[in-house]
Amino acid sequence: MRLNDLSPNKGSKHRRKRLGCGESSGKGKTSGKGHKGQKSRSGASLRPGFEGGQMPLYRRLPRRGFNNVNFHKNYAVFNVETLEARFDAEATVDEQSLRDCGLMKGRYDGVKILGGGEVSKKLNLVVDKASATAREKIEKAGGTIKEPTRPVDDEG
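Keep in mind it's a predicted model, so treat the numbers as computed, not measured. (Residues numbered from 1 in each chain as written. Predicted model: local features only at pLDDT ≥ 70, side-chain atom pairs only at ≥ 80, totals over all residues. Heavy atoms only, no water.)

Caption draft 1: Quick look at the overall build of the protein chain. Within the protein chain, the regular secondary structure consists of four helices and six strands. Mapped from its N terminus to its C terminus, the protein chain presents α and β elements in the order α-β-α-β-α-β-β-β-α-β. Principal-axis analysis of the C-alpha atoms places the extent of the protein chain at approximately 80 × 70 × 25 Å. Relative to its full complement of 156 residues, the protein chain shows a buried share of 19%. Sequence separation of at least 24 residues holds for 42% of the intrachain contacts in the protein chain that already meet a minimum separation of 6. Between the centroid of the 32 positive side chains of the protein chain and the centroid of its 19 negative side chains there is a distance of 21 Å. (Helix = DSSP H or I, 4+ residues; strand = E, 2+ residues; numbered from the N terminus. Buried < 20%, exposed > 50% of the residue type's maximum accessible area, 1.4 Å probe, protein only. Contact = heavy atoms within 4.5 Å. Lys, Arg positive; Asp, Glu negative; His and termini not counted. Charge placed at Lys NZ, Arg CZ, Asp CG, Glu CD.)

Structure (structure tokens):
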């Protein structure tokens, strides 16, 4: 087999539809756009939900209910097996140490530890949340879990 023998699989490549090349081609004359109207003009692209100038449905309906998205906390989640692999015994695991070793990138509201895997090293965790199984496994290995001290917001 040589390079000049290679060809794409049958049916994987399609010819480009040539518009406006004679009426008998099937896409001649108006090129499949019909006659006149806004969508037949060049450069015409209408956003989804556009109703021709009529007040669109999404603006006609009232906004109701509560959405928790503004108050939702986004946690960086880790299993205990990940901490076991990346940290030495007696190490203090907090947000800064997770960022330093490259496990945590981006913006988060806190750190949460889950109980996936096994842990044998004594680790001292300073995290916002830990599942019951993670807490049990860390304490069984002789480690501790504390909550970090965060500044308190006093409004009013």
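Read on, since the account is not over.
Caption draft 2: Structural detail: the sheet that holds strand S1 (residues 75–79). Across the sheet, three strands lie side by side as S1-S3-S5; this open sheet has parallel pairing. Lying at the two open borders of the sheet, with one neighbouring strand each, are S1 and strand S5 (129–130). Relative to strand S3 (residues 110–114), S1 runs parallel, the two sharing five bridges. Within the sheet, the bridge partner assigned to Phe 78 lies in S3 and is Ile 113. (Pairing = 2+ DSSP bridges.)

Caption draft 3: Just the side chain of Ser 40, in detail. By secondary structure assignment, the location of Ser 40 is in the segment before helix H1 (57–60). A polar side-chain atom of Ser 40 sits 2.8 Å from the main-chain carbonyl oxygen of Gly 37. For Ser 40, the contacting residues outside a window of four places in its chain are Lys 33 and Gly 34. (Polar contact = N/O pair within 3.5 Å; in protein donor to acceptor, adjacent residues only side chain to side chain.)

Caption draft 4: Representation of the sheet that holds strand S2 (residues 92–93) within the structure. Within the open sheet, the three strands sit side by side as S2-S4-S6. Their pairing is parallel. Edge positions in the open sheet fall to S2 and strand S6 (144–146), since each of these has one partner strand only. Bridge analysis of S2 against strand S4 (residues 124–126) gives two bridges, and the strand direction is parallel. Bridge pairing in S4 links Val 93 to Leu 125.

Caption draft 5: Representation of the side chain of Ser 97 in the model. Locating Ser 97 in the fold gives a position in helix H3 (residues 95–100). Using a relative accessible area of 15% as the deciding quantity, one classes Ser 97 as buried. Only 3.5 Å separates the side chain of Ser 97 from the backbone oxygen of Thr 92, close enough to count as a polar contact. Setting aside anything within four residues of it in sequence, one finds Ser 97 in contact with Phe 87 and Thr 92.

Caption draft 6: Summary view of the packing of aromatic side chains. Inspection of every chain in the model, using the stated rule, returns one aromatic pair. With a centroid separation of 6.0 Å and 15° between ring planes, the pair formed by Phe 66 and Phe 71 is classed as stacked. Grouping residues by exposure puts Phe 66 and Phe 71 together as exposed. (Phe/Tyr/Trp six-rings, centres within 6.5 Å; stacked < 30°, edge-to-face > 60°.)

Caption draft 7: Broad picture of the pattern of salt bridges. Here the structure, examined in full by the defined rule, presents four salt bridges. Here Glu 90 makes a salt bridge to Lys 122, at a shortest N to O gap of 3.7 Å. Remark: Lys 122 occurs in the loop between S3 and S4 and Glu 90 occurs in the loop between helix H2 (80–86) and S2; sequence separation between them is 32 residues. (Salt bridge = Lys/Arg side-chain N within 4 Å of Asp/Glu carboxyl O.)

Caption draft 8: Region of interest: a nonpolar patch on the surface. Taken together, the side chains of Met 1, Leu 3 and Leu 6 present a nonpolar region at the surface, about 450 Å² in accessible area. Among the structural elements, Leu 6 can be located in the segment before H1. Owing to a relative accessible area of 53%, Leu 6 belongs among the exposed residues under this scheme. (Patch = residues over 30% accessible without salt bridge, like charges linked within 9 Å, V, L, I, M, F, W, Y side chains within 5 Å. Areas by Shrake-Rupley, 256 points an atom, 1.4 Å probe, with all protein chains shown as cover.)

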